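Take a look at the letters that make up each chain.
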Amino acid sequence: MEALFEKVFVKALRKHSGIKKQVENKVRMIMEQPLTLGEPLKGNLRGFYSCPVKKSFIIIYLYCRACRKKGDDTVVACSDCAERDDETIKFVLIGPHDEAYGI
Ligand SMILES: [Zn+2]
């Protein structure tokens, strides 16, 4: 499994450095079971998954195998999906629930 971290994710992690450990643990767990832990999002976040780190604080990510399985990789906003291996997870964002859904 390959993990990619978007710039906004890294930046947000720096901002929320107090829970860095918790986020890192969750990232590791997601990499083992991306589909079990994630909740698929809808609407214009279709294709994305969210997973809570703690109450009201979530990680948003993409799993490229899932992007393609849906057969709607043109709808899923996974920018360079075609160049990625199936087993790629892109960590898009972390943040308080409401803020994260505003992307
Ligand atoms: Zn993808």
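Quick caveat, the model's predicted, so the values are computed rather than measured.

1. Points about the coordination of the zinc ion
Within the protein, Cys64 (SG), Cys67 (SG), Cys78 (SG) and Cys81 (SG) serve as the donor atoms for the zinc ion, at 2.2 to 2.5 Å. Metal-centred angles of 106 to 122 degrees between the four donor atoms at the zinc ion mark the site as tetrahedral. Between consecutive donor residues of the zinc ion, the sequence gaps follow C-x2-C-x10-C-x2-C. In this pair, Cys67 is assigned in helix α4 (residues 64-69) and Cys81 in the loop between α4 and β5 (88-96), connecting sequence segments 14 residues apart.

2. Side note on the sheet that holds strand β4 (residues 57-63)
Taken in spatial order, the five strands make up an open sheet running β1-β5-β4-β3-β2, and their pairing is mixed. Strand pairing shows two members of the sheet lacking a second neighbour, β1 (2-5) and β2 (39-40), which therefore form its edges. Pairing geometry for β2 and strand β3 (residues 49-54), over two bridges, is antiparallel. What sits directly across from Pro40, in β3, is Tyr49. The sheet strands contacting helix α1 (residues 7-15) are β1, β4 and β5, and the helix crosses β5 at an angle near 40 degrees.

3. Brief notes about the environment of Ala12
By the element assignment, Ala12 lies in helix α1. As for Ala12 and Leu93, which are separated by 81 residues in sequence, their C-alpha atoms are 7.2 Å apart.

Calculation rules
Residues numbered from 1 in each chain as written. Predicted model: local features only at pLDDT ≥ 70, side-chain atom pairs only at ≥ 80, totals over all residues. Heavy atoms only, no water. Donors = N, O, S within 2.8 Å, 3.2 Å for Na, K, Ca; no water. Tetrahedral: all angles 85-135°; square planar, octahedral: opposite > 155°, others 65-115°. Helix = DSSP H or I, 4+ residues; strand = E, 2+ residues; numbered from the N terminus. Pairing = 2+ DSSP bridges. Contact = heavy atoms within 4.5 Å. Axes fitted to C-alpha atoms, helices over the stretch in contact; angles between N-to-C directions.

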